[in-house]
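# What the coordinates show
Spelled out from the first residue to the last, the chains are:
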Amino acid sequence: MTTLAKYLNTDAHDPALIDVITTVTEVGKTISQLLKKGALADILGEAGNQNVQGEEQKKLDVLANDLLLDALATNSHCAGVASEELDDATPANADGSLLVLFDPLDGSSNIDINMAVGTIFSILPYQRQGHMSENSDFLQAGNKQLAAGYLLYGTSTVLALTIADNVVMFSLDPDTGDYVLIEDNVQIDADTSEYAINASNYRHWRAPMQQYIDELIAGKTGVRGRDFNTRWVAAMVGDVHRILCRGGLFTYPFDTKDPNKAGKLRLMYEANPMSLLIERAGGAATDAVNRILEVEPTEIHQRVPVVLGSKNEVNYVADLHVKHADQ
Ligand code: AFP
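Keep in mind that what you see is a predicted model, and the values were worked out from it rather than measured. (Residues numbered from 1 in each chain as written. Predicted model: local features only at pLDDT ≥ 70, side-chain atom pairs only at ≥ 80, totals over all residues. Heavy atoms only, no water.)

Counted by the stated rule, this structure contains five aromatic pairs. Where Tyr212 meets Tyr316, the ring centres are 6.1 Å apart and the plane angle is 45°; that geometry is what we call tilted. You can see Tyr212 sitting in helix α4 (residues 207-218) and its partner Tyr316 sitting in helix α7 (residues 311-323), a full 104 residues away along the chain. Residue classification places Tyr316 among the partly exposed positions, given a relative accessible area of 26%. Measuring from centroid to centroid gives 5.5 Å for Trp232 and Phe250, while their planes differ by 5°, and the two rings are stacked. (Phe/Tyr/Trp six-rings, centres within 6.5 Å; stacked < 30°, edge-to-face > 60°. Helix = DSSP H or I, 4+ residues; strand = E, 2+ residues; numbered from the N terminus. Buried < 20%, exposed > 50% of the residue type's maximum accessible area, 1.4 Å probe, protein only.)

Right, let's talk about the packing of helix α5 (residues 236-246) against helix α6 (residues 267-280) for a bit. Running from N to C, α5 and α6 point in directions that differ by 10°, and their axes come no closer than 11 Å. As the angle between them shows, α5 and α6 are arranged roughly parallel. The segment α5 lies against α6, with Met236, Val237, Val240, Ile243 and Leu244 engaging Glu270, Ala271, Met274, Leu277 and Ile278. Per-class residue counts for the contact of α5 with α6 are nine nonpolar, no polar and one charged. (Axes fitted to C-alpha atoms, helices over the stretch in contact; angles between N-to-C directions. Parallel < 35°, antiparallel > 145°, perpendicular 65-115°, else oblique. Contact = heavy atoms within 4.5 Å. Nonpolar A, V, L, I, M, F, W, Y, C, P; charged D, E, K, R; others polar.)

Within the largest apolar cluster, 42 residues are counted, with the highest numbers of intra-cluster contacts made by Tyr150, Leu244, Phe250, Met274, Val306 and Leu308. With seven residues, α6 is the largest single contributor of residues to this core. Looking at which domains feed residues into this core, each of domain 1 (4-183) and domain 2 (194-326) supplies at least three. Those residues in contact with Val306 that lie beyond four places of it in its chain are Met236, Phe250, Thr251, Tyr252, Pro253, Leu265, Ala271, Thr286 and Ile292. One finds Tyr7, Leu34, Leu161 and Tyr179 within the second-largest nonpolar core, a separate group that totals 38 residues. (Core = buried A, V, L, I, M, F, W, Y, C linked by side-chain atoms within 4.5 Å. Domains from an automatic or database assignment.)

The tally for this structure, following the rule as stated, stands at 13 salt bridges. Its salt-bridge partner being Asp239, residue Arg242 comes within 2.8 Å of it at the nearest N-O pair. On the criterion of helical spacing, the pair formed by Arg242 and Asp239 is a turn pair, its members being three residues apart in helix α5. The same class applies to Arg242 and to Asp239, which are both buried. With a shortest N-O distance of 2.8 Å, Arg291 and Glu279 are connected by a salt bridge. One end of the pair, Arg291, is in the loop between β14 (284-286) and β15 (306-309); the other, Glu279, is in helix α6, and 12 residues separate them in sequence. Several salt bridges converge on common partners, so that one network encompasses Glu194, Asp239, Arg242 and Arg246. (Salt bridge = Lys/Arg side-chain N within 4 Å of Asp/Glu carboxyl O.)

With that out of the way, let us pick up the domain arrangement of the chain. Here the chain is described as being made up of domain 1 (4-183) and domain 2 (194-326). Of note, the centres of domain 1 and domain 2, computed from C-alpha atoms alone, are 24 Å apart. Between domain 1 and domain 2, the residue contacts involve 46 residues of the former and 31 residues of the latter. Roughly 2,900 Å² of surface becomes buried between domain 1 and domain 2 when both sides are summed, with 63% attributable to carbon and sulfur atoms. Viewed at the interface, domain 2 and domain 1 are joined by two salt bridges. The closest approach of N and O atoms between Arg280 and Asp165, which form a salt bridge, is 3.5 Å. Across the contact surface, domain 1 and domain 2 share 12 residue pairs in polar contact (both at pLDDT 80 or more). Of all the secondary structure elements, the ones that give two or more residues to the side of domain 1 that touches domain 2 are β3 (78-83), β5 (98-106), β6 (117-125), β7 (147-153), β8 (157-163) and β9 (166-172). Taken together, the residues of the side of domain 1 that touches domain 2 break down into 26 nonpolar, 13 polar and seven charged. (Buried area = accessible area lost by both parts, 1.4 Å probe. Polar contact = N/O pair within 3.5 Å; in protein donor to acceptor, adjacent residues only side chain to side chain.)

The subject of this paragraph is the site of the ligand. For the ligand, the set of nearby residues contains 15 residues, the closest of which are Asp106, Gly107, Asn198, Met236 and Tyr252. One of the backbone N or O atoms of Met236 is found 2.6 Å from an oxygen atom in the ligand. Summarising the interface, the protein chains cover 84% of the accessible area of the ligand, which totals 480 Å² for the free molecule. Its residues assigned to classes, the shell around the ligand comprises seven nonpolar, four polar and four charged. Both of domain 1 (4-183) and domain 2 (194-326) provide at least three residues apiece to the shell around the ligand. (Near = heavy atom within 4 Å. Areas by Shrake-Rupley, 256 points an atom, 1.4 Å probe, with all protein chains shown as cover.)

Okay, here's the thing in structure tokens:
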């Protein structure tokens, strides 16, 4: 049996990185417990304030955010922490070598209906050791990430992690409190017949995305010549986990629903960490055309269209967008 501690503690991994990942995953155990108590712990419902994107926060978002923030801010390797729920990054230890970004509870609207939610995290190098970190220090492309992962709180709690080019999965053993390795060197098939999209936004998409979904719905009777199946968890962490387990395509594409949002998902808290996991598992991740991991961020809360998953399908979407770039 390989525990997370055993897997991480090798010479191949930077001790600072090991320590920060351990901090995040230990807090994940507490969040997992809080979620299990659910209504019994009287922690469901609105917290009464809004996050930086103007969305209502659930009480558990606030709790998960505070737990992660407190634990990371006191980790000596952590120079700064940025959360999807907070306007600005929090400076931590000036001598730290790492910056940590997280979405404390992705898919939080699932909490009240007892469905899967997750914590997503991304770890970047800190370039100005000895100085207090600022928002601008976090503005690094996703290909600079040293490690990334998520905790999925579903029927069981699962950790997916990428470090040193490998993607691994651990399951939290409720009896021992250990994360136990369940899959090493996770790989995604290049082809798939399963896709995830919130199709209620159809009329707001660009023509190439409408065409793509039309083709999938036409199935055997259309140009694709085979049937496709839809799944939508409404928590990216759940959809990405399914893709790491059995392949698939996930997209939250560009839409014109809200002119201030070029897509719904956040580059630094959702798209970058998930793209690193997916690419390292042999998949692809784009904004429809360009690699997400090469997007140079201009602000910590920016949004980006996302198309990720099985490589051939992601490339098919990109080809359609290139062919119909004028639409
Ligand atoms: P919340 O955390 O606000 O529930 O949003 C989750 C999310 O950012 C992502 O995890 C989902 O894929 C996507 O939004 C779901 O969006 P729709 O509610 O538009 O389907």
